[in-house]
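Each chain, letter by letter, is given below.
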Amino acid sequence: MVVDNERHILYTRTEAMKLQAFDLGGDGQGLVSKIAEGKNFIDSRETQHGARRSTGSRAVARGGKPTIVCIAPLSTIESKRLHMIAILSDGRRLYLSTSSGGNSSSIGGSSQRPSSLKVIVTRPSPPIGVGGGLNYGTTPTSGRVQPEDMTLKVEAAFYSAGTLVLSDSSASNMSSLLIVNQDSSGQPSASNNFGMNSRNNRALRELVSSLPIEGRMLFAADILPLPDIALTVQSLFSDAEAFAGLCESSETASGKLWARGDLPTQHILPRRRAVVFSATGLMELVFNRPVDILRRLFESNVPRSHIEEFFNRFGSGEAAAMCLMLAADLVFTEGNLLSSTVSEKAAEAFEDPGLVGMPQFDGTTGLTSARSTSGGFSMGQVVQEAEPLFSGAHEGLCLCSSRLLFPLWELPVMVVRGKVGPDGRYEEGVILCRLSVDAMKILEIKIHSLEQFLRSRRNKRRGLYGYVAGIGDYSGSILYGERNWFGAQTRNADSGNVSATSKRQRLSYTPSELAAMEVRAMECLRRLLRRSREALFLLQILCQHNVARLVQGLDNNARQKLIQLTFNQMVCSEEGEQLANRLITSLMEYYIGPDGKGTVDEISENLREGCPSYYKESNYHYFLAVEYLEKAFVTMNALEKESLARDAFKLLIKCPESLDLTHLVTICKRFADLRFFEAAVRLPLQKAQAFDSKADMVNLNGDSGHQVDKLVLREQCYEIVMDSLRSLTGRNGNSKEFNSSQVASGPSLDQATRDNYIRQIIQLCVQWPDTAFHEHLYRTLIDLGLENELLEYGGSDLVPFLQSAGHKLIQDVQAVNAVRSASPSVGDPRAPSQAKYYNLLARYYSLKRQHLLAAHVLYKLAEMGSESAESPTLAQRLLYLSNAIIQAKTANSTISSVHSSTDATDDGLLDLLEAKHAVLRFQIKIKEQLEPIVSMLENTPGSSEIAPDDPSPWSNLIVNENIAESAKERVKELSQELKSISQLYNEFAIPFKLWEICLEMLNFSNYSGDADSKIVRETWARLLDQALSRGGVAEACSSVKRVGSNIYTGEEGRLPLEIICLHLEMAASERVTSGVEFVGDEDIARALLTACKDEPKPVLSAYDQLLSNGAILPSPNLKLRLLRSVLVVLREWVRSVFAITLGTTAAGAASILGGALSLQQRAIINQGARDKITSLANRYMTEVRCLPLPQNLIEPVYKGFRDLEQVLFSNDFQQHFR
């Protein structure tokens, strides 16, 4: 009975020579079920290959029908459709299948189970009477024809993995063992495709060896490799597609590897061995591999023809690969060390052009003429592209390298043992290295030996290396240059054929160029081997330090990438490089963390020697610096702390490329905690400079997308510096420590120390020559409220930055923020308002005593339009203009102190600012007048009534909803931007009947310069009518006081006093007569005096003109009322004269007469005033007497004038007024 452990089929052979097949289930654990049974599988008429007869074949023995002496299963490596072999007593072999589909079906797993048992093909018995397998220098044994009358008598047989052992007793004197195995040699094809001929041809070729044996063979078995070797091989090839299933028993695994033949495995497997049990004892058989045969040839000093025959049989590529294995000591020698003589001979054979050939071109058929020989037109032949065909040495190197890397290249580096998610993603499983440390060590040693051999041949200039080095510079363009070998000059294929010159010409190279191409290809392979060896060394180091623990420091995304990482990605891709660096970082944390198990130098020495391309000198400096920082963080000595921090900084400044952004954030945070801000500033800035080493951002080179990517990376570096500033101001950014279990928190700092550190950082930042960084710094300082430090320590580019911040810079910041929003590691601070930048610019100019420039900036701030996102309010605009006026006046005073005359331009700016300031005040007044109307609309739906005590011009009026809506729109419009005085007057003041403001604007504009102007008189009339309708004469007098005091400046003609006086007096007379309102005799006169700033002369002049014109005052009562008002004015005049005489106050006297006077001047002025007042009193007394009114109305007025006259000339004048 034999069991097929791959297909789970049981085969049996009975004494009656019946063959039976039983199905064990898809997994080999099911119920045993019989599939088929057969007996008559042998046809006595059948010869080789089924029913086909051959005249050269042996006749079947006359002794009787042959019997089955042995059955054995065939592995899936040998055949997928032939499942079992049966060896007959005459040496023939029957190949059977259990599939019902015939030749095209295969059995495997649970999808398709066996259903029959039938013979597919029969193979004749091997020849007898042969010697020892491969013979060199003689006729090949496989070609001998055995005698016709000789027949094998097989007593016992053994088959395993392509090797057949037969015990033959046909000879009368002694039994012999016939050993039949597959012939690994084969003639190379024309294309020399690595010596890999068709499998069908090679599968039919067999080598037969005959050995004498005493007694009869009872049984034979394989000697399996030693357990450590078996485990190593199983670890290497268990996941390879061609060797799938090696996770089973070591017997099955070894059988599958042996079934592949010697060529793919002779570098890793020892020689195959078998033991034969005979009647007299045990015999051990050792099967030499092709490389063992070549080794014996070199050891025996055979003629060169034997070596050439070996190369011819196996092909130059396979033979060169075996020479390379001997020369580089890659063969498993079972303790028998190779001699230096064999290694040197193998190296010489590898480099011998007579054995391996020289590089040449394939497809060298020339062009034919377009004209045929018969004179007709010919289409010609297809032009073949010239392709380089390298020598057998290159092919052997490729074969050897591919077989070494085969169990690694396309397979993952790590595997997950444990729980994995339904989508195949990592969840809670343990990540381990796929290969064992011993397996990786064996491969690393072999790859390293091969790479060292190639390096030594290059250094010694052996073979093609020497040939190429003799052409030109050894390190020059031929070997390492950038020449396009496949784009060299072309030559005409047939120079004698003129018509061929118009044809497409084929590329052609000289032998020197072809040799250089092959050397360059071999050098690339050598570098690939070196990188692969370093990757294996690194994986061993990681496994020795528990990979499962090291990967705990990675995030889930990195872990997922790690378990999907193949070996070729780790060797060749940037992602593999990054993952390897992250694993190295985790490894170094194990040494320099808080619970560190050593120092950086202890592990760095191994990494620098074993994998220098992964662990570069810059990596060593980085981790050594991290170790210094950890020591500095825990030490208490301030000087030692600073010294360690400085040493770490000196190491890191040499290797900016070794710092990725994540590590850079951690390192700078640690430097900031140590208060070593020089490193916290310079390291990120140096990294940002490395991202744009070609200055593409400065010179605007490259495509916009690439520039945006660079800008994002640079912004991330800038943010690391800004985080140090934020930490000092209490607005710390997010940062992660090198070791998450250790939280760095420095001692609390007082404000003075914080300010000192902030100034230190700003000064370091300003010294760095990077305009883009300066702009980022300035924005951050503004955002953090460090405006004073910005203005004090800002660089020479601060002014251009602030100047451009109003338009272009804001757009750039918004574009960058839109890009950075996709990166969570980059912040998105809100850009300061446009007004803030201009305000800072004005402060900067003022600080630098450039007051005129400051005034211009403040004026621009006040004029800022509504298109800005944060336009200033009217109050802010007024403040800007006020400050601008102050700056302009300061500038003028400074210029006046230096020069004798003031610059006219400065005076013009000051006048402009003052005018703008006045117009803005009008705008604010109009807005304040309209806001109550809007508030009424918002508080009360529909129409609403304003309170009676509201001083606005809309008091006691019903507000129409349309008017309120219009007022709301006007208020919004006024709040957005500055208006001209014409707009304010025509579009706002007049439509809403704001007559007081209209009069003030007319006065400000010096409208026509004539007080009798019709517009001014009409506006006053409208104002008085509005006031009378709103609150009577009292309200009208209040309006006169408010407006007049603002308009009157002492100049004649500013106020139309006659119109105002007549309007008020007539309204008062009518209201008193009708009893609507009581108006006192002094109300109107005092209102006019207040409007004229207590100057009686203009008021008396207005009354005098009215009293002189009888047509204007037709009513005696109205004239009497005017005389009463005149009496009030004269009395106020007398009081002012009295104040001047005594010199009591400057407020009364100086306001009218111009200030304090001497005693003589007072006497002269008082004498003239008394005379004039006396004259006016006498005249008005006469007019009072002439009025046709009752005596009781006239007498009080008359008596008032008379008493006033008497007082002026009495000796007790002073006492009377007191």
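## Some words on the overall build of the protein chain
- What the protein chain contains, in helices and strands, is 44 helices and 21 strands.
- Put simply, the protein chain has 1218 residues, and 49% of those count as buried.
- Taking contacts inside the protein chain between residues at least 6 apart in sequence as the whole, the part at least 24 apart equals 65%.
- Accessible surface computed for the protein chain: about 58,100 Å², of which carbon and sulfur atoms make up 50%.

## A few points about helix H25 (residues 771–783)
- Compared with the 18 Å implied by 1.5 Å per residue over 13 residues, the 18 Å span of H25 between its first and last C-alpha is a close match.
- Here H25 has its buried residues at Phe773, His774, His776, Leu777, Tyr778, Arg779, Thr780, Leu781 and Ile782.
- Its side-chain oxygen placed 3.2 Å from the backbone nitrogen of alanine 772, aspartate 770 serves as the N-cap of H25.

## Considerations on the packing of aromatic side chains
- Counted according to the given criterion, the structure contains 15 aromatic pairs.
- Between tyrosine 622 and phenylalanine 623 the ring centres are 4.9 Å apart and the planes differ by 70°, which places this aromatic pair in the edge-to-face class.
- Centroid distance tyrosine 1180 to phenylalanine 1201: 5.8 Å. Interplanar angle 45°. Geometry classified as tilted. Residue tyrosine 1180 is located in helix H42 (residues 1159–1185), and its partner phenylalanine 1201 is located in helix H43 (residues 1191–1209); the two are separated by 21 residues in the primary sequence.

## Focus: the nonpolar core
- Counting residues in each nonpolar core, the largest one holds 189 residues, and the members touching the most others are Leu607 and Phe671.
- The dominant element in this core, judged by the number of residues it contributes, is helix H12 (residues 511–544), at 13 residues.
- Setting aside anything within four residues of it in sequence, one finds leucine 607 in contact with Phe537, Leu538, Ile541, Ile584, Leu587, Met588, Pro612 and Tyr615.
- Residues Leu1024, Ala1027, Leu1107 and Leu1208 belong to the second largest nonpolar core, which totals 86 residues.

## Considering the pairing of strand S10 (residues 163–168)
- Burial of S10 is extensive: six of the six residues sit out of reach of the surface.
- A two-sided burial pattern is seen for S10, the buried positions comprising Thr163, Val165 and Ser167 on one face and Leu164, Leu166 and Asp168 on the other.
- Inspection of the sheet shows strand S9 (residues 154–160) paired to S10 by six bridges, in the antiparallel sense. The partner of alanine 157 across the bridge, within S10, is leucine 166.
- Counted between consecutive antiparallel strands, the loop separating S9 from S10 contains two residues, among which alanine 161 sits at a positive phi close to 50°.

## Comments concerning the sheet that holds strand S14 (residues 272–278)
- The antiparallel open sheet is built from three strands, whose spatial order is S13-S14-S15. Single-partner strands in this sheet number two, and they are strand S13 (217–223) and strand S15 (282–287). Strand-to-strand twist in this sheet, taken as the mean axis angle between neighbours without regard to direction, amounts to 20°.
- In this structure, S14 lies alongside S15, joined through six bridges in antiparallel fashion. The partner of arginine 273 across the bridge, within S15, is valine 286.

## What about helix H19 (residues 638–652)?
- For H19, which comprises 15 residues, the first-to-last C-alpha distance of 21 Å matches the rise-based estimate of 21 Å (1.5 Å per residue) to within 8%.
- Looking at H19, one finds that the buried residues are Leu644, Ala645, Ala648, Phe649, Leu651 and Leu652. All buried residues of H19 fall inside an arc of 160° around its axis, so they share one side.
- Those residues of H19 that are buried lie in contact with helix H18 (617–634), helix H20 (661–673) and helix H21 (677–691).

## Some remarks on unusual backbone geometry
- A positive phi angle, near 60°, is found at histidine 8, a position not held by glycine.
- Residue classification places histidine 8 among the buried positions, given a relative accessible area of 19%.

## Observations concerning the pattern of salt bridges
- For the coordinates displayed, the defined rule picks out 60 salt bridges.
- The salt bridge involving arginine 531 is made with glutamate 577; its shortest N-O contact spans 2.4 Å. Of this pair, arginine 531 sits in helix H12 while glutamate 577 sits in helix H16 (residues 574–592), placing them 46 residues apart in sequence.
- For arginine 531, a relative accessible area of 15% puts it in the buried group.
- Between aspartate 723 and arginine 726 there is a salt bridge, with the nearest N and O atoms lying 3.0 Å from each other. Note that aspartate 723 and arginine 726 are positioned in helix H23 (residues 704–729) at a spacing of three residues, about one turn of the helix. Judged on exposure class, the residue aspartate 723 and its partner arginine 726 are both buried.
- Within this structure, Glu451, Arg455, Arg458, Glu523, Arg526 and Arg527 form a network of salt bridges that share partners.

## Brief notes about the pairing of strand S3 (residues 19–23)
- Where burial is concerned, most of S3 is hidden: five out of the five residues are buried.
- Side chains of S3 alternate between two faces, with Leu19, Ala21 and Asp23 and Gln20 and Phe22 buried alike.
- Sheet analysis places strand S2 (residues 9–13) next to S3, joined by five bridges and oriented antiparallel. The residue bridging threonine 12 from the neighbouring strand is glutamine 20, located in S3.

## With respect to the sheet that holds strand S12 (residues 206–213)
- Strand order in the open sheet made by the four strands is S9-S10-S11-S12, with antiparallel pairing throughout. Every other strand in the sheet has two partners, leaving S9 and S12 as the edge strands with one partner each. Mean inter-strand twist for the sheet, computed between neighbouring axes without regard to direction, equals 15°.
- Bridge count for strand S11 (residues 175–182) against S12 is eight bridges, and the pairing is antiparallel. From the neighbouring strand, glutamine 182 faces S12, where its bridge partner is glutamate 206.

## Let's talk about the environment of isoleucine 592
- As for its position among the elements, isoleucine 592 is in helix H16.
- Of the residues examined, isoleucine 592 reaches a relative accessible area of 5% and is grouped as buried.
- Once the C-alpha coordinates of isoleucine 592 and leucine 629 are considered, the two residues, 37 residues apart in sequence, prove to be 10.0 Å apart.

## A few points about the packing of H16 against helix H17 (residues 600–610)
- Two numbers describe how H16 lies on H17: the axes approach to 9 Å, and their chain directions differ by 150°. Counted together, Ile584, Leu587, Met588, Tyr591 and Ile592 of H16 and Val600, Glu602, Ile603, Ser604 and Leu607 of H17 form the full contact between these two elements.
- Class assignment of the residues belonging to the contact of H16 with H17 gives a composition of eight nonpolar, one polar and one charged.

## A short note on the side chain of arginine 458
- Considering the arrangement of structural elements, one finds arginine 458 in helix H9 (residues 437–459).
- Only 3.4 Å separates the side chain of arginine 458 from the side chain of asparagine 459, close enough to count as a polar contact.
- A distance of 3.0 Å separates the side chain of arginine 458 from the side chain of glutamate 523, its partner in a polar contact.

## So, the confidence of the model for the protein chain
- In this model, the protein chain carries an average pLDDT of 76, and 73% of its residues clear a pLDDT of 70 or more.
- Note that residues 819–831 has pLDDT below 50 and, in this model, 18 contacts with residues that lie over four places away or in other chains.

## Things to note about the side chain of threonine 780
- The residue threonine 780 is located in helix H25 in this model.
- Not counting chain neighbours up to four residues away, the residues in contact with threonine 780 comprise Met722 and Arg726.

## Thoughts on the environment of serine 846
- Within the secondary structure, serine 846 is located in helix H29 (residues 834–847).
- Classification of serine 846 as partly exposed rests on a relative accessible area of 26%.
- Between the C-alpha atom of serine 846 and that of glutamine 887, which follows or precedes it by 41 residues, the distance is 7.8 Å.
- With sequence-adjacent residues up to four places away left out, serine 846 is seen in contact with His851, Ala854 and Gln887.

## Quick word on the environment of methionine 440
- When you line up the elements, methionine 440 lands in helix H9.
- The class of methionine 440 is buried, set by a relative accessible area of 1%.
- With 204 residues separating them along the chain, methionine 440 and leucine 236 place their C-alpha atoms 8.2 Å apart.
- Excluding residues within four positions of it along the chain, methionine 440 makes contact with Cys433, Leu435, Leu536, Leu539, Gln540 and Cys543.

Rules of the game
- Numbers given for residues are sequential positions, taken from 1 along each chain in its written order.
- Given that this is a predicted model, residues contribute local features only at a pLDDT of at least 70 and side-chain atom pairs are listed and counted only at 80 or more, while totals for whole chains, interfaces and linings are drawn from all residues.
- No hydrogens and no water enter the side-chain calculation; it runs on all heavy atoms of the structure.
- Helix and strand labels come from DSSP, where a helix needs a run of H or I of at least four residues and a strand needs a run of E of at least two; each type is numbered from the N terminus.
- Only protein chains enter the area calculation, which uses a 1.4 Å probe; residues under 20% of their type maximum are buried, those over 50% are exposed, and those in between are partly exposed.
- Whether two residues touch is decided by their heavy atoms; if any such pair falls within 4.5 Å, the residues are in contact.
- Calculation of accessible area relied on Shrake-Rupley with a 1.4 Å probe; when residues are assessed, cover is drawn exclusively from the protein chains displayed.
- What a helix should span is 1.5 Å times the count of its residues minus one.
- Pairs of N or O atoms are called polar contacts if they sit within 3.5 Å, as long as, within protein, a hydrogen donor faces a hydrogen acceptor (for residues adjacent in sequence, only side-chain-to-side-chain pairs).
- Pairing of aromatic side chains requires ring centres within 6.5 Å, counting the rings of Phe and Tyr and the six-membered ring of Trp. Pairs whose planes differ by under 30 degrees are stacked, by over 60 edge-to-face, and all others tilted.
- The definition of a nonpolar core used throughout is a set of buried Ala, Val, Leu, Ile, Met, Phe, Trp, Tyr and Cys residues joined through side-chain atoms within 4.5 Å.
- Pairs of strands are assigned from DSSP output, requiring at least two bridges between the strands.
- With axes taken as lines fitted to C-alpha atoms, and helix axes fitted only over the stretch in contact, angles between N-to-C directions fall between 0 and 180 degrees.
- Comment: arc refers to directions from the helix axis out to C-beta atoms.
- One speaks of a salt bridge when a side-chain nitrogen belonging to Lys or Arg is within 4 Å of a carboxyl oxygen belonging to Asp or Glu.
- In this count, Pro and Cys sit with the nonpolar residues alongside Ala, Val, Leu, Ile, Met, Phe, Trp and Tyr, while Asp, Glu, Lys and Arg are called charged and the others, Gly among them, polar.
- Confidence scores here are pLDDT values: one per residue, from the predictor, ranging 0 to 100.

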